[in-house]
Number of protein chains: 2
Amino acid sequence: MSDKTYAAYSVEDYLAEAAAARPTPGGGSASALAGAAGAAMACMAANFTVGKKKYKDRWERVGELLAVCERARQTLLGVVADDAAAYAHVSAAYAMPKDTPEQKTQRTAAIQDALKKAMEPPMTAFVACADALAVLDELAGLANPNLVSDVGVAAALLGGALDGARLNVEINLAFLKDEACVAAARRALEQKGPPARDAARKTLDKVSHRITQ
Amino acid sequence: MSDKTYAAYSVEDYLAEAAAARPTPGGGSASALAGAAGAAMACMAANFTVGKKKYKDRWERVGELLAVCERARQTLLGVVADDAAAYAHVSAAYAMPKDTPEQKTQRTAAIQDALKKAMEPPMTAFVACADALAVLDELAGLANPNLVSDVGVAAALLGGALDGARLNVEINLAFLKDEACVAAARRALEQKGPPARDAARKTLDKVSHRITQ
């Protein structure tokens, strides 16, 4: 990796690098990017509400929802870069020598350690998507109605990003041997995943209905 | 707008601009970005298959699937920038004077014309997402299995982007008065939407199953 994180790449260069036969940016980073784009749409809708006289009675609550979505956006932006760095550690561990029994033991331990760390960015992205999705239904009801389709877009993109982040946690779990760690991660996915998915679907359906009726 | 299209913005700056209380980049552009990130993951999986000796028997077919996904990626990248330009036309039309009956007529015609044009980028994004989604199930079966989670991420992100693009077509349709144009657009959404959604779900489920079994 160069010194430049993927957050500093142009959109065009990031996408070209993602498409190439190079491991990074990979699925964790791409999912975080899509989630950040979704969170940004929720922020835009909230930012077009707070400060507008017409919606003064809602400023306080929409401001709170905005803070949740803005935090998710920042977290997801962080993962766009982090996920690639985490992959580099896994890659380096797999490249360790395995000629002697001692080297093999060291290499296995390093791989396991790197995999655990590599799981963190997509898990962080997963939780950030779930956190933002949890407030979208309320935001769809309170935000400036001119921006309602953007709240729907937020639900659609964050829902897709949630699934993408989940796959990137699961692909690491498949190779992890620390059973307690695996069980804790699976619990997190199972607890937060279904309600977040439901929230995405509910907000998307509600917005679709409001637009097309 | 500055001379710089959103494709040339850094990822960080694009996302900050998207979150701000400024109309562009809006939901059409953000959906296209998420879709392009998804298409890029499909391209990466294909690019890690074509050229690898182990998968020589699949190069030809995976190369064809790659061409579909790469075209979708390029199209979606184009929409990231186009959608914002289209919005600028709508905005300019709404800002036209409406003091005399003649001005009102001209303004209404300009708004209708701009709305029709504004519908094109999200419709283009919608079709590009559907085209890429249509080949993902086959790609999941043929691509280098080390990249299977990335094909799943492609399905998740393109599925979300498809829904986001659809909302951005529908929000324009709600204000369009040309009934033939509205009917044609609704037909396209109804014909391409459900099979693309099903493809996204099917590929995502298949990949999840392969990872977690």
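Just so you know, these numbers come straight off a predicted model, no measurement behind them.

Definitions and cut-offs
Residues numbered from 1 in each chain as written. Chains lettered and ligands numbered in written order. Predicted model: local features only at pLDDT ≥ 70, side-chain atom pairs only at ≥ 80, totals over all residues. Heavy atoms only, no water. Axes fitted to C-alpha atoms, helices over the stretch in contact; angles between N-to-C directions. Helix = DSSP H or I, 4+ residues; strand = E, 2+ residues; numbered from the N terminus. Parallel < 35°, antiparallel > 145°, perpendicular 65-115°, else oblique. Left-handed = near helix turned anticlockwise from the far one by under 90°. Contact = heavy atoms within 4.5 Å. Nonpolar A, V, L, I, M, F, W, Y, C, P; charged D, E, K, R; others polar. Least-squares fit on C-alpha atoms with pLDDT ≥ 70 in both. Core = buried A, V, L, I, M, F, W, Y, C linked by side-chain atoms within 4.5 Å. Buried < 20%, exposed > 50% of the residue type's maximum accessible area, 1.4 Å probe, protein only.

**What about the packing of helix α2 (residues 27-47) of chain A against helix α4 (residues 101-142) of chain A?**
Residues and elements named next belong to chain A. It is the contact of α2 with α4, at a shortest axis distance of 10 Å, that shows an interaxial angle of 30°. Between α2 and α4, the angle falls in the class roughly parallel. Taken as a pair, α2 and α4 cross one another with a handedness that is left-handed. Contacts between α2 and α4 involve A32, G35, A42 and A46 from the first element and A125, C129, L136 and L139 from the second. Taken together, the residues of the contact of α2 with α4 break down into seven nonpolar, one polar and no charged.

**Brief notes about the relation of the copies chain A and chain B**
In screw terms, the move from chain A to chain B is a rotation of 180° and a rise of 0.0 Å along the axis, fitting with an RMSD of 0.0 Å. The two molecules are tied by a two-fold rotation axis, judged by turn and shift. Residue by residue, 100% of the interface of chain A is reproduced at the interface of chain B, so both copies engage with the same surface.

**Topic: the nonpolar core**
Formed by 162 residues in total, the largest nonpolar core has its most connected members in Y14(A), L136(A), Y14(B) and L136(B). Sequence-distant contacts of Y14(A), that is, excluding residues within four places in its chain, are made with Y6(A), Y9(A), P25(A), S29(A), A30(A), L33(A), V80(A) and V11(B).

**What about the packing of helix α4 (residues 101-142) of chain B against helix α5 (residues 148-173) of chain B?**
All names here are of chain B. At a minimum axis distance of 8 Å, the contact between α4 and α5 shows a crossing angle of 155°. It follows that α4 is roughly antiparallel to α5 by the angle criterion. For α4 against α5, the interelement crossing comes out left-handed.

In short, geometric facts, not functional conclusions.
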